[in-house]
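In case you want the letters, here they are:
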Amino acid sequence: MPPFILSTKLHAPPHRSEWLRRSRLLDQLDAGLSRKFTLVSAPAGFGKTTLVVDWLRGRQQRFAWLSLDEADSDVNQFLSYLLAALASLEAPGVGAASVALDTAQPPPPAHVLTILLNALSALEERIVLVLDDYHRLDSEAVDQALDFLVERAPSSLHLVVTTREDPSLPLARMRARGEMVELRLNELRFSTSESADFLNQLMGLALSDGEVAALEQRTEGWIAGLQMAALSLHGCDDKAAFIESFTGSHRFVLDYLLEEVLRRQPEAVRDFLQKTAVLDRFSASLCNAVTGHSGLEGREEGNAEEMLLALEQQNLFLVPLDEARQWYRYHHLFGDVLRARMRKDKPALQTVHQRASAWFENNGFPVDAIHHALTANDSENAARLVEQAWPALRRSKPERIFLDWIAALPPSRIKASPVLSFHRGFCLLSQDLTAADSPLSKAQAWVDMACDEAGRAKAERAGMVICNEDEFAQLPGLLGIARAYQCGAYGDLPGIVRNARCAMEHFPAGDTLWRGAATALLGLAQWSSGDLEGAYDAIAESAETMRKSGDLVSCLGALCLLSGIRGSQGRFRDAGIICQKALKIAEAFGDHPPQGTADIHVELAELAYERGDLVGAEQHLQTSQAMEDYTRLPEVQHRWFIVMARVKQAQGNFDAAEALLDEGAQCQIMSPAPETQPISAWMARLWLARGRIDKVQHWADKSGLTPEDETGYLLEFQHLTLARLLIAKYRDKPDEHEAQRILGLLTRLAVSAETGKRQRSVAQAHMLSALLHDTIGDAQTARNALQQALDIAEPENYVRLFADEGEPMLALLRRERRQMESPALVDQILSGLLDSNEPTATGDGNHSSEALLEPLSERELQVLRLLASELTGPQIAEHLFVSLNTLRTHTKNIYSKLGVNNRRAAVCRAAELSLT
């Protein structure tokens, strides 16, 4: 079993042999085995899980169990647990499916499930797979995976789902086909006879038929309500009066019953319940710590284990969290009431939290220790714990956790601590440079004051508090790193170098963690100066030292930078390898991916986009977007919007692309990483695609760019954008002098990029030169320049570099296709141009395919327009660079969507709908 699988989720709750046997429902479950799917759907407290466990144990049925929780909304985690559950039965296909899933870039869920189902179809005996508490998931991807599983399940697999709400499955279709059996609230509620058996036989009450009927009517057969009523009735002298007063809605009845249950417990038991309810989970040792006694009559302190056993035997809403029954929690509703009562005694509540904090600290749970100290308003102890724990925790925990802790502490206590002040400022660097300066300056002031023994004494008299001497000793070097970061964010390259080198002097050679951070900052200075290879070597060294030190979060951030450098050089394959390595590191964190994981998917999205894989790009962007905020590096969060804007522009949805770029500009913050492709330049390229030359000219004027500028790495992207603007203006108004200015700029850009080994920029300069020469009318020079660009582009598959140029590139490639020496790449580019050359109905276009029941795709619209021409079928296929069979498929789809059966009718129908 993989180490990140929580085995307790794969075990069904213990079978309660004394539980009421519900024969009518068990018979329905038996009958459902001949179908694909059983759905047990009802609100909380109707015995769904208990019923299914009773049925499975009674049949001696081979089954796999999976208890779901919110974290399983991630489809890959869901599949991992599903496979682990089936592995407990040694079901065939699990191993192969797990291998397919356990990759840096898992295949689509359907692929994994296909492997599994193909193997399960060979089973001769039936197995049952139970997905318990499916309502806790909120994921369209998981719903689709379950739909795929149910729809294609072989006869050897029967699925059972228990849930409080219906899953997003085609239930109506399955009902119509007779593929499912359903047990819902009406079936699950206790009948009058079942209520009598439950109350009198199982719970040991001696109620009359009238009293049973009254309770059954008032609870509407709600099992949990009946159970709590029964607990309240134990020891009740006037049962009739209790039942008579037992009215109201479920919410009020529940509150009343829980109060009644508690009131009838001994004082010691109530005290134990209330004190331990402040804990999300608890063991006997932890209970002893927070209560100080077991609460059992006449027993000495330290008998919490016996108390927990007694509570479980009395059905007092205790939920075991593992098979060994070492950890427990209370039923959520029961726990809520206990905590509400405990909050009334604030001194006792504070004491309980302080005791819990001490236990968690002594047992190696610093995060829990800090949580309880803060809840107890024990700010001094909380500050001590944070200062001692955070330097180690920062390697695996997101910075937001530390900032949340700091926000809960008194500002005066933070200012008194040079360590807390430093780490607060350091965490703020990637969010708000201005806000970071004050705590960093405070930490620096304390360090300067306590520079020697006399200064240390003076600082302590002034209120300085140190709880982590080792971290305080490192502050001079750490502050150097922070200042180097600030200098980088403000573009002060000498300041980066000066402060980073100063920081290195304070760290011994064996301190791989912080020396690695200083080395990374020196690498960023080299990157900003245009020395990409030097920057790569420095940051690669930094990443390796961080990995060795165990700081995988910082290592992941360094790998993001390395991927960005290789991307800037046009070395997309190398960038992809780096991203896969980063994802492998992120996988080690299991259900809680570290900061930077979401950004790796943005890097992969951009790489997929450059190769012309718009679908893959969008999938990576959606994966990134679905991840928690803490998995993103604030410094690069704007890049998601840039890449998604490029995808939308390629799809013709210019309005969406512009809105995305605007949003990206709003969230962009300063950082030491060079911003060589500013959003303003991306916006200028989008405006060019929309033909808004005046807006692009305004951007160029505001940027102060001219064709005579000195070229270099930092302004290379902007100058290439300027060249596009000048070429577009030349098309409208040819001018020989202007053409020479543009060619001069492109030549200098090509030489600069070649010197700096930025191959994509070299190809880009040649490509733009080809477009300019084509506009001038110099076909041979245009052809030569285009071939130069293609030769550079082919090894790395720079598809979108060409496809993003739109109609001018389409016309040039169509004419020169047969002359080019890179036919495969040219065909990919042409395919990309044909797919994205027409704006969509949500962009600048205005076609009427929405009038159809099923709209035509952009490619089908292109085919339809050609069907209205005089071209023959083979000529249309050649024009579109597709096979005749592919054209026939498109034509068949068009006829179906238009409701016609021949070419002439399709053309007439298209004219009616204004599609051609």
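What you see is a predicted model, and the numbers here were worked out from it, not measured in a lab.

About the cut-offs
Residues numbered from 1 in each chain as written. Predicted model: local features only at pLDDT ≥ 70, side-chain atom pairs only at ≥ 80, totals over all residues. Heavy atoms only, no water. Helix = DSSP H or I, 4+ residues; strand = E, 2+ residues; numbered from the N terminus. Buried < 20%, exposed > 50% of the residue type's maximum accessible area, 1.4 Å probe, protein only. Contact = heavy atoms within 4.5 Å. Areas by Shrake-Rupley, 256 points an atom, 1.4 Å probe, with all protein chains shown as cover. Lys, Arg positive; Asp, Glu negative; His and termini not counted. Charge placed at Lys NZ, Arg CZ, Asp CG, Glu CD. Pairing = 2+ DSSP bridges. Axes fitted to C-alpha atoms, helices over the stretch in contact; angles between N-to-C directions. Salt bridge = Lys/Arg side-chain N within 4 Å of Asp/Glu carboxyl O. 1 Å grid on protein atoms, 1.4 Å probe; cavity = no way out; pocket = protein on both sides within 12 Å on 5 of 7 lines; lining within 4 Å. Points joined across faces, edges and corners; volume = space filled by probe spheres on them. Nonpolar A, V, L, I, M, F, W, Y, C, P; charged D, E, K, R; others polar. Phe/Tyr/Trp six-rings, centres within 6.5 Å; stacked < 30°, edge-to-face > 60°. pLDDT = per-residue confidence, 0-100. Parallel < 35°, antiparallel > 145°, perpendicular 65-115°, else oblique. Left-handed = near helix turned anticlockwise from the far one by under 90°. Right-handed = clockwise from strand over helix to strand, strands pointing away. Polar contact = N/O pair within 3.5 Å; in protein donor to acceptor, adjacent residues only side chain to side chain.

### A short note on the overall build of the protein chain
Thought 1: When helices and strands are counted, the protein chain shows 48 helices and 7 strands.
Thought 2: The principal-axis extents of the C-alpha atoms in the protein chain amount to approximately 105 × 95 × 45 Å.
Thought 3: The proportion of buried residues among the 916 residues of the protein chain is 53%.
Thought 4: Summarising the internal contacts of the protein chain: among those between residues at least 6 apart in sequence, 68% fall at separations of at least 24.
Thought 5: Within the structure as shown, the protein chain displays about 40,100 Å² of accessible surface, and the carbon and sulfur contribution to it stands at 49%.
Thought 6: The distance from the centre of the 93 positive side-chain charges to the centre of the 123 negative ones in the protein chain is 2 Å.

### Some thoughts on the sheet that holds strand 1 (residues 37-41)
Thought 1: Pairing within the open sheet is parallel, and its 5 strands lie in the order 2-3-4-1-5. Both outer strands of the open sheet, strand 2 (63-67) and strand 5 (180-183), are each paired with one neighbouring strand and no more. When the angles between neighbouring strand axes are averaged without regard to direction, this sheet yields 15°.
Thought 2: Where strand 3 (residues 127-132) and strand 4 (residues 157-163) come together, 5 bridges link them in parallel fashion. The residue bridging L131 from the neighbouring strand is V161, located in strand 4.
Thought 3: Strands in contact with helix 1 (residues 23-32) are strand 1, strand 4 and strand 5; relative to strand 5, the strand with the most contacts, it is inclined by about 160°.

### Overview of the pattern of salt bridges
Thought 1: Taken as a whole and judged by the stated rule, the model has 48 salt bridges.
Thought 2: Between E151 and R173 there is a salt bridge, and its shortest N-O distance comes to 2.9 Å. Of this pair, E151 sits in helix 6 (residues 140-151) while R173 sits in helix 7 (residues 171-177); the two residues are 22 residues apart in sequence, bridging distant segments of the chain.
Thought 3: With a relative accessible area of 32%, R173 lands in the partly exposed category.
Thought 4: Of the charged contacts, one joins R175 and E182 as a salt bridge, the two residues approaching to 2.6 Å between their closest N and O atoms.
Thought 5: Classification of R175 by relative accessible area gives partly exposed; the value is 41%.

### A word on empty space enclosed by the protein
Thought 1: One pass over the full model with this rule turns up 2 cavities of 30 Å³ or more.
Thought 2: The volume enclosed by the largest cavity comes to roughly 50 Å³.
Thought 3: Every residue lining the largest cavity is listed: I642, A645, R646, Q649, A657, L661, W682 and L686.
Thought 4: It is helix 34 (residues 638-650) that contributes the most residues to the lining of the largest cavity, 4 residues altogether.
Thought 5: The residue makeup of the lining of the largest cavity, split by class, is 6 nonpolar, 1 polar and 1 charged.
Thought 6: Space inside the second largest cavity adds up to approximately 30 Å³.

### Some details on the packing of aromatic side chains
Thought 1: Evaluation of the coordinates by the stated rule reveals 14 aromatic pairs.
Thought 2: Ring centres of W327 and W359 lie 6.3 Å apart, and the angle between their planes is 75°; this geometry places the pair in the edge-to-face category. Taken together, the positions of W327 in the loop between strand 6 (318-320) and strand 7 (328-330) and W359 in helix 18 (residues 346-362) put the pair 32 residues apart, joining distant regions of the chain.
Thought 3: Assessed through its relative accessible area of 11%, W359 is described here as buried.
Thought 4: Here W390 and W405 contribute two aromatic rings whose centre-to-centre distance is 6.3 Å and whose plane-to-plane angle is 90°, an arrangement assigned as edge-to-face.

### Looking at the pairing of strand 2
Thought 1: The element strand 2 is extensively covered by neighbouring structure, given that 5 of its 5 residues are classed as buried.
Thought 2: On strand 2, burial covers both faces: F63, W65 and S67 on one face and A64 and L66 on the other are all buried.
Thought 3: One ladder, built from 5 bridges, connects strand 2 with strand 3; its direction is parallel. By the bridge assignment, A64 is partnered in strand 3 with L129.

### Here we look at the confidence of the model for the protein chain
Thought 1: With 92% of its residues at a pLDDT of 70 or more, the protein chain has an overall mean of 86.
Thought 2: Ranking the helices and strands of the protein chain by mean pLDDT puts helix 40 (residues 759-776) first, with 96, and helix 13 (residues 250-263) last, with 56.
Thought 3: pLDDT under 50 marks residues 247-253. Its contacts with residues more than four places away, or in other chains, come to 7 contacts.
Thought 4: A low-confidence stretch, residues 837-850 stays under pLDDT 50, and its non-local contacts, those more than four residues away or across chains, total 39 contacts.

### Quick notes on the packing of helix 26 (residues 469-489) against helix 27 (residues 493-506)
Thought 1: Where helix 26 meets helix 27, the axes come as close as 8 Å, and the angle between the chain directions of the two elements is 165°. As summarised for this structure, helix 26 and helix 27 are arranged roughly antiparallel, according to the angle between their axes. Relative to helix 27, helix 26 is oriented so that their crossing is left-handed. For the pair helix 26 and helix 27, the contacting residues are P476, G477, G480, I481, R483, A484, C487 and G488 in the first and G495, I496, N499, A500, A503 and H506 in the second.
Thought 2: Partitioning the contact of helix 26 with helix 27 into residue classes produces 7 nonpolar, 6 polar and 1 charged.

### Focus on the packing of helix 18 against helix 19 (residues 366-375)
Thought 1: Two elements in contact, helix 18 and helix 19, have axes whose closest approach is 8 Å; the angle formed by their N-to-C orientations is 165°. If you check the angle between helix 18 and helix 19, you find them roughly antiparallel. Judged by the sense of rotation from one axis to the other, the crossing of helix 18 with helix 19 is left-handed. When helix 18 is examined against helix 19, the residues H353, A356, S357, F360 and E361 are found in contact with a partner set consisting of D368, A369, H372, A373 and T375.
Thought 2: When its residues are assigned to classes, the contact of helix 18 with helix 19 shows 4 nonpolar, 4 polar and 2 charged.

### Examining the pairing of strand 3
Thought 1: Of all the 6 residues making up strand 3, 6 are buried; the element is thus mostly covered by neighbouring parts of the structure.
Thought 2: Burial along strand 3 is two-sided: I127, L129 and L131 facing one way and V128, V130 and D132 facing the other are all buried.
Thought 3: What joins strand 3 to strand 4 is helix 6, and the crossover it makes is right-handed.

### Structural notes on the side chain of D72
Thought 1: Tracing the backbone shows D72 in the loop between strand 2 and helix 3 (75-87).
Thought 2: At a separation of 2.6 Å, a polar atom in the side chain of D72 contacts the side chain of K9.
Thought 3: A polar contact is formed between the side chain of D72 and the side chain of Q77, at a distance of 2.9 Å.
Thought 4: Ignoring anything within four residues of it in the chain, the contact list for D72 reads K9, S67, Q77, F78, Y81, L137 and V142.

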